[in-house]
Amino acid sequence: FFFVELLGAAMASMALLTVCTLALVATSSAKIFFQEKFDDTWASRWTKSTWKQSDDTAGDFTHTAGLWYGDAEADKGIQTGPDARFYATSASAAEPFSNEGIPLVLQFSVKHEQKLDCGGGYIKLLPASSEMADFGGDTPYSIMFGPDMCGTSTKRVHVIFTYKEKNLLTKKTITCETDQLTHVYTLIVNPDKSYKVLIDNVEKAAGTLEEDWDFLPPAKITDPEASKPEDWDERPKIDDPEDVKPEGYDDIPEKIPDPEAEKPEDWDDEDDGEWEAPMIENPEYKGEWSPKQIDNPNYKGIWEAPKIDNPEYEADPSIGVYTDLKHVGFELWQVKAGSIFDNIIVTDDPAEAKAFAEATWGASKDAEKAMFDAAEAAKREQEELERKKSDEERKALEEEEASDSDAEDDEESSETEGEDHDEL
């Protein structure tokens, strides 16, 4: 029995070793173009933009884990502040890189612990040619990706590609997370022009670049010279030619005199005119006659013009391909500041990005949630104490005012009695 247990333990250890070995093999060939965990040396790698500083609307980034976290040090990121500002900072890869022929994975985490109501939470991937000293809203970028929220109408994940100097928004609506916890956003662009968007390592959208962005005109268009054939019948139902209107159908009136009505006793025909019973709906009346409908044996469906090849369409293998990527940056506007950005990775391997997310966000998310729940419970308790205190103060004030009013009434009554006594 002991030998069986020992053998089982050995087999389990071997299985675990196999899984770990496979994971290492899967990620050993991955290229990591950029990675940032925002440790205490982060400021040496990131450059705050001069954008908006001259008009005093530029915000800043503070190194912090925020109000709730799993690990006070490991979970430190950079947090926007103060409110109602523009925020812009960037860092660079060691050298320019390209995603030609390989997957491109862009991933980062963000925690809107301020409960963001209007503002961006996205990241930008920029070409080496972009000037980053004054990095701002007009700086050319290659990809913009991440959550954006404003009011109740905008709660979406932006996926924007630059193509021929135009910024193309996805035609899909991808809903972002709106709570106050950390979430990981991942964009995967494959060499075959397919893509995926993940949130917390769970797929939220997928498709192809051509279908979900207007990179190119449509490959097929409606034939402009086509016209519907004259004998094309689009009527699914027709009148039954054998159905005949019943004899006397049109003789039935819509309204008839009320048979139960009686002339009032005080009705005077000379003064009031000849009495007539009021009209009521005729229960025998069936409305205007129409023949019953039957299936049309000649029905061909709704005609649609045939599709033809679009002469303006030309396939472009370069869509979604960027050959001089180098910079990573946050360029944002937020009404209510407080978003914390962390754990950025740009790689060619989705498995590498997933493992990075699990080692960072995955290791802290449960403890962060527990700390958040405790903070919310303490907040509710404090609010309840303050409410009770406010109620007690209000009640005491009302009692004091009522007591003062009673005293004034007693004084006035005493004075009145005194005056009456003097008169006597």
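Residues numbered from 1 in each chain as written. Predicted model: local features only at pLDDT ≥ 70, side-chain atom pairs only at ≥ 80, totals over all residues. Heavy atoms only, no water.

Let us now look at the overall build of the protein. Looking only at helices and strands, the protein features 4 helices and 22 strands. Per-residue burial for the protein yields a buried fraction of 35% across its 424 residues. Across the protein, the fraction of contacts at a sequence separation of at least 24, relative to all contacts at a separation of at least 6, is 73%. A total accessible area of about 26200 Å² is found for the protein, and carbon and sulfur atoms account for 51% of it. (Helix = DSSP H or I, 4+ residues; strand = E, 2+ residues; numbered from the N terminus. Buried < 20%, exposed > 50% of the residue type's maximum accessible area, 1.4 Å probe, protein only. Contact = heavy atoms within 4.5 Å. Areas by Shrake-Rupley, 256 points an atom, 1.4 Å probe, with all protein chains shown as cover.)

Below, the discussion takes up the nonpolar core. Nonpolar side chains in soluble globular proteins tend to be buried together. Counting residues in each nonpolar core, the largest one holds 58 residues, and the members touching the most others are Phe145, Phe161 and Phe330. Leave out the neighbours within four places in its chain, and Phe145 touches Leu106, Phe108, Tyr122, Ile123, Val157, His158, Val159, Tyr185, Thr186, Leu187 and Val197. Residues Val105, Ile188, Leu198 and Ala353 belong to the second largest nonpolar core, which totals 6 residues. (Core = buried A, V, L, I, M, F, W, Y, C linked by side-chain atoms within 4.5 Å.)

Before going further, it helps to spend a moment on the environment of Glu95. Structurally, Glu95 can be placed in strand E5 (residues 85-97). We classify Glu95 as exposed; its relative accessible area is 55%. Among all residues touching Glu95, those that are not within four sequence positions of it are Leu325 and Lys326.

All right, on to the side chain of Lys124 then. For Lys124, the location among the structural elements is in strand E8 (residues 123-127). Among the polar contacts listed, one links the side chain of Lys124 to the side chain of Glu331, at a separation of 2.6 Å. With sequence-adjacent residues up to four places away left out, Lys124 is seen in contact with Phe135, Gly136, Gly137, Tyr141, Ile143, Met144, His327, Val328, Gly329 and Glu331. (Polar contact = N/O pair within 3.5 Å; in protein donor to acceptor, adjacent residues only side chain to side chain.)

Here we come to a negative patch on the surface. Together, Glu262, Glu265, Asp266, Asp268, Glu270, Asp271 and Asp272 give the surface a local cluster of negative charge. Take Asp266: it is sitting in the loop between strand E17 (255-257) and helix H3 (269-272). (Patch = residues over 30% accessible without salt bridge, like charges linked within 9 Å, V, L, I, M, F, W, Y side chains within 5 Å. Salt bridge = Lys/Arg side-chain N within 4 Å of Asp/Glu carboxyl O. Lys, Arg positive; Asp, Glu negative; His and termini not counted. Charge placed at Lys NZ, Arg CZ, Asp CG, Glu CD.)

Under the counting rule described, the total for this entry stands at 18 aromatic pairs. With centroids separated by 5.2 Å and ring planes inclined at 35°, the aromatic side chains of Phe38 and Trp46 adopt a geometry described as tilted. Trp46 shares its class with Phe38; the two are buried. In this structure, Lys52 is placed above the aromatic ring of Phe86, and the distance from its NZ or CZ to the ring centre is 4.4 Å. One residue, Lys365, lies across the ring of Trp361, its end atom 5.5 Å from the ring centre. (Phe/Tyr/Trp six-rings, centres within 6.5 Å; stacked < 30°, edge-to-face > 60°. Lys NZ or Arg CZ within 6 Å of the ring centre and 35° of its normal.)

Quick look at a positive patch on the surface now. A contiguous patch of positive charge, built from Lys115, Lys155, Lys336 and Lys379, is present on the exposed surface. Along the chain, Lys336 falls in the loop between strand E21 (325-334) and strand E22 (339-347).

Counted by the stated rule, this structure contains 1 disulfide. Two residues, Cys118 and Cys150, share a disulfide whose sulfurs are 2.2 Å apart. A torsion of -75° about the S-S bond marks the disulfide between Cys118 and Cys150 as left-handed. On the criterion of sequence distance, the pair formed by Cys118 in strand E7 (residues 118-120) and Cys150 in strand E9 (residues 143-150) is long-range, its members being 32 residues apart. Using a relative accessible area of 34% as the deciding quantity, one classes Cys150 as partly exposed. (Disulfide = S-S within 2.5 Å.)

Cis geometry is adopted by the peptide bond preceding Pro82, which originates at Gly81 and carries an omega value of -10°. Structurally, Pro82 is set in the loop between strand E4 (77-81) and E5.

Another point: the environment of Ala315. Looking at the element boundaries, Ala315 is found in the loop between strand E20 (307-309) and E21. The spacing of Ala315 and Leu216 is 99 residues in sequence and 7.7 Å in space, taken between C-alpha atoms.

Summarising burial for E21: 8 of the 10 residues are buried, a large majority. Two elements, E5 and E21, share 9 bridges in a ladder whose sense is antiparallel. Along E21, the bridge assignment pairs Phe97 with Leu325. Pairing between E8 and E21: 4 bridges, direction antiparallel. In the strand pairing of E21, Leu126 is matched with His327. (Pairing = 2+ DSSP bridges.)

Turning our eyes to something else, we now look at the pattern of salt bridges. In the structure shown here, the tally under the stated rule is 23 salt bridges. The partner of Lys76 in a salt bridge is Glu73, with the nearest N and O atoms 3.4 Å apart. Look at Glu73 and you get partly exposed, because its relative accessible area is 49%. Glu203 is the partner of Lys196 in a salt bridge, and the nearest nitrogen-oxygen pair spans 3.8 Å. The exposure class of Lys196 is partly exposed, given its relative accessible area of 35%. For Glu203, a relative accessible area of 44% puts it in the partly exposed group. Overlapping salt bridges bring together Glu384, Arg387, Asp391, Arg394 and Glu398 as one network.

A few words now on the confidence of the model for the protein. Summary statistics for the protein give a mean pLDDT of 90 and a share of 89% for residues scoring 70 or more. Taken as a whole, residues 1-26 scores under 50 in pLDDT and shows 1 contact with residues more than four places along the chain or in a different chain. (pLDDT = per-residue confidence, 0-100.)

Attention now goes to the environment of Thr323. Mapped onto the elements, Thr323 comes out in the loop between E20 and E21. With 224 residues separating them in the primary sequence, Thr323 and Asn99 have C-alpha atoms 6.5 Å apart. The residues contacting Thr323, other than those within four sequence positions of it, are Phe97, Ser98 and Glu100.

Attention shifts here to the side chain of His183. Looking at where His183 falls in the secondary structure, it is placed in strand E12 (residues 182-189). Look at His183 and you get buried, because its relative accessible area is 9%. Reaching out from His183, the side chain makes a polar contact with the side chain of Asp179 at a distance of 2.7 Å. Ignoring anything within four residues of it in the chain, the contact list for His183 reads Phe108, Ser109, Val110, Glu177, Asp200 and Trp361.

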